[in-house]
Amino acid sequence: MNTKYPILKSIQFGPYELPNRVAMAPLTRRRAGAGGVPTAMNALYYAQRASAGLIMAEASPISQQATGYPDVPGIYTQKQIEGWKLVTDAVHEKGGRIFLQLWHVGRFSHNDFQPGGKPPVAPSAVPFRGRQINTGKNGYQETPIPLALTKPEIKSIIGDYWQAAKNAMEAGFDGVELHAANGYLIDQFLNDISNHRTDEYGGSFGNRYRFLAEVLDTLCSVWGSDRVGVRLAPGGGSLGMRDSDPLGLFAYVISRLNEFNLAYLSILQQWFDVENYPQELKNLTPYFRKFYDGLLITNHGFDFAQANKMIEEGYADMVAFGKWYISNPDLVERFAIGAPITEPDPDTFYGGNETGYTDYPIWDRT
Ligand SMILES: Cc1cc2nc3c(=O)[nH]c(=O)nc-3n(C[C@H](O)[C@H](O)[C@H](O)COP(=O)(O)O)c2cc1C
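A brief look at the structure comes next.

Parameters and conventions
- Residues numbered from 1 in each chain as written.
- Predicted model: local features only at pLDDT ≥ 70, side-chain atom pairs only at ≥ 80, totals over all residues.
- Helix = DSSP H or I, 4+ residues; strand = E, 2+ residues; numbered from the N terminus.
- Rg over C-alpha atoms; globule rule 2.2 N^0.38 Å.
- Buried ≥ 20, exposed ≤ 12 C-beta atoms within 10 Å, placed from the backbone.
- Contact = placed C-beta atoms within 7 Å.
- Core = buried A, V, L, I, M, F, W, Y, C linked by C-beta atoms within 7 Å.
- Axes fitted to C-alpha atoms, helices over the stretch in contact; angles between N-to-C directions.
- Left-handed = near helix turned anticlockwise from the far one by under 90°.
- Nonpolar A, V, L, I, M, F, W, Y, C, P; charged D, E, K, R; others polar.
- Parallel < 35°, antiparallel > 145°, perpendicular 65-115°, else oblique.

Focus: the overall build of the protein
Next, step 1: Tallying secondary structure elements over the protein gives 10 helices and 14 strands in all.
Next, step 2: In summary, the protein has a C-alpha radius of gyration of 19 Å against a globular reference of 21 Å for 366 residues, a match within 12%.
Next, step 3: If one aligns the C-alpha atoms of the protein with their principal axes, the spans along those axes are about 60 × 45 × 40 Å.
Next, step 4: Among the 366 residues that make up the protein, the fraction classed as buried is 48%.
Next, step 5: Taking the contacts inside the protein whose residues are at least 6 apart along the sequence as the reference set, 73% of them involve residues at least 24 apart.

Looking at the nonpolar core
Next, step 1: One finds A23, Y46, V176 and V319 to be the most contacted residues of the largest nonpolar core, which totals 96 residues.
Next, step 2: Not counting residues within four places of it along the chain, the set of residues in contact with Y46 comprises I55, A57, V87, A90, V91 and I98.

Side note on unusual backbone geometry
Next, step 1: Here R30, not a glycine, exhibits a phi torsion of approximately 50 degrees, which is positive.
Next, step 2: Tracing the sequence through the fold places R30 in the loop between strand 3 (22-24) and helix 1 (40-48).
Next, step 3: Classification of R30 by C-beta neighbours within 10 Å gives partly exposed; the count is 16.
Next, step 4: A positive phi angle is found at D273, which is not glycine, with a value near 60 degrees.

Regarding the environment of S109
Next, step 1: Along the chain, S109 turns up in the loop between strand 5 (98-103) and strand 6 (121-122).
Next, step 2: Note on S109: 29 C-beta atoms within 10 Å, which makes it buried.
Next, step 3: Leave out the neighbours within four places in its chain, and S109 touches T67, G68, Q114 and P120.

Side note on the environment of G294
Next, step 1: Relative to the helices and strands, G294 is located in the loop between helix 7 (284-289) and strand 13 (296-299).
Next, step 2: Accessibility expressed as a C-beta count within 10 Å gives 17 for G294, which makes it partly exposed.
Next, step 3: Residues G294 and P361 lie 67 residues apart in sequence; the distance between their C-alpha atoms is 36 Å.

Looking at the environment of I341
Next, step 1: With respect to the helices and strands, the residue I341 is situated in the segment after helix 10 (331-337).
Next, step 2: With 291 residues separating them in the primary sequence, I341 and A50 have C-alpha atoms 17 Å apart.
Next, step 3: Apart from residues no more than four positions distant in its own chain, I341 is found in contact with W324, N328 and R334.

Details of the packing of helix 3 (residues 151-170) against helix 5 (residues 205-223)
In a pair of packed helices, the angle between the axes and the distance between the axes together describe the arrangement.
Next, step 1: Helix 5 packs onto helix 3 with a crossing angle of 30 degrees between their chain directions and a minimal axis gap of 9 Å. Seen along the crossing, helix 3 lies across helix 5 with a hand that is right-handed. Listed contacts from helix 5 to I154, I158, Y161, W162, A165, K166 and M169 of helix 3 are F211, E214, V215, T218, L219, V222 and W223.
Next, step 2: In the contact of helix 3 with helix 5, the residues fall into 11 nonpolar, one polar and two charged.

Re the packing of helix 5 against helix 6 (residues 246-257)
Next, step 1: Two elements in contact, helix 5 and helix 6, have axes separated by 10 Å at closest approach and are oriented at 45 degrees. Comparing their axes, helix 6 and helix 5 come out oblique. Regarding helix 5 and helix 6, the two cross each other, and that crossing is right-handed. Contacts between helix 5 and helix 6 pair F205, Y209 and A213 from the former with G248, L249, Y252, V253 and R256 from the latter.

The following block contains the structure:
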């Protein structure tokens, strides 16, 4: 696009040329069909948003064990693959690009979701006690004490990621994003509040980073590194995440990620005001940018002017928008013409039908 706004300019993104630098952030909407199978309604929702430079589709469990929410779409059965094909075809027909976010919730699950009704798994037997978990049919429950993963079980989960990456390719995605943010399994390995292991997966930064690196290795073996991204949330706070040295930990992790030559690193600039957390995390994109050489996407609460500024100042290459993409399917067009932005209704974020999902209108100029 011929524009003065950096976020509306095209960008080379792995093997793809994207028409703009606006990404749709991954958004769990809990509207999949039975068996976690994406539906025609989900396809319509994503196709409506296909003018985004990149769509990061919602977090999708790589196995039943990886699941911790009702009604989310999975990427581990043939029916789910077929359902996702509806989505990717619809987005591609509109000229869009779509990556799938691969998800394992780790300890943030419940026996009700788990194969054989067993407790969920985690790096260590440390439960999350911040809030109850929605188990669907049995309502809100305490999260159980998780089972600490054995080394063979860790290898088996890496195998699940490999299979999910293959499945995502069969389903027609343009790439995959590893969900390593927001207090789920990989984040639980990174942060020392939830990782108390004494083997090579715990202790030093390098050991706590090992699982993330091994999963990225397997994803890159399927897709090639230029079609794999990763999402981190160094600010902590989500689902009890906290580290004794978050600045040191994430500087280490982000520096090591350079070795992969990934399509991108996406970082969440979320500030939860975790007790005694370093103030640098309030505005963490500039802080961590200096450790990363590749394409960087930032996100959290940016408006159009702030997003352009992040790119102009070299702190990010793209900016992702979450809530605004719920209520503005034509967000890119609205940015381009300076149209007003519609705020979303939080009551329809999760679950339900077309209301608050596919019925947000495009801006009518007339
Ligand atoms: C309804 C909802 C669902 C979300 N689901 C996911 C998800 O599946 N994966 C993820 O990494 N982040 C998820 N997030 C976080 C968003 O991707 C994004 O980081 C957050 O909304 C902040 O960006 P914003 O201020 O532009 O909305 C979700 C947020 C919301 C509001």
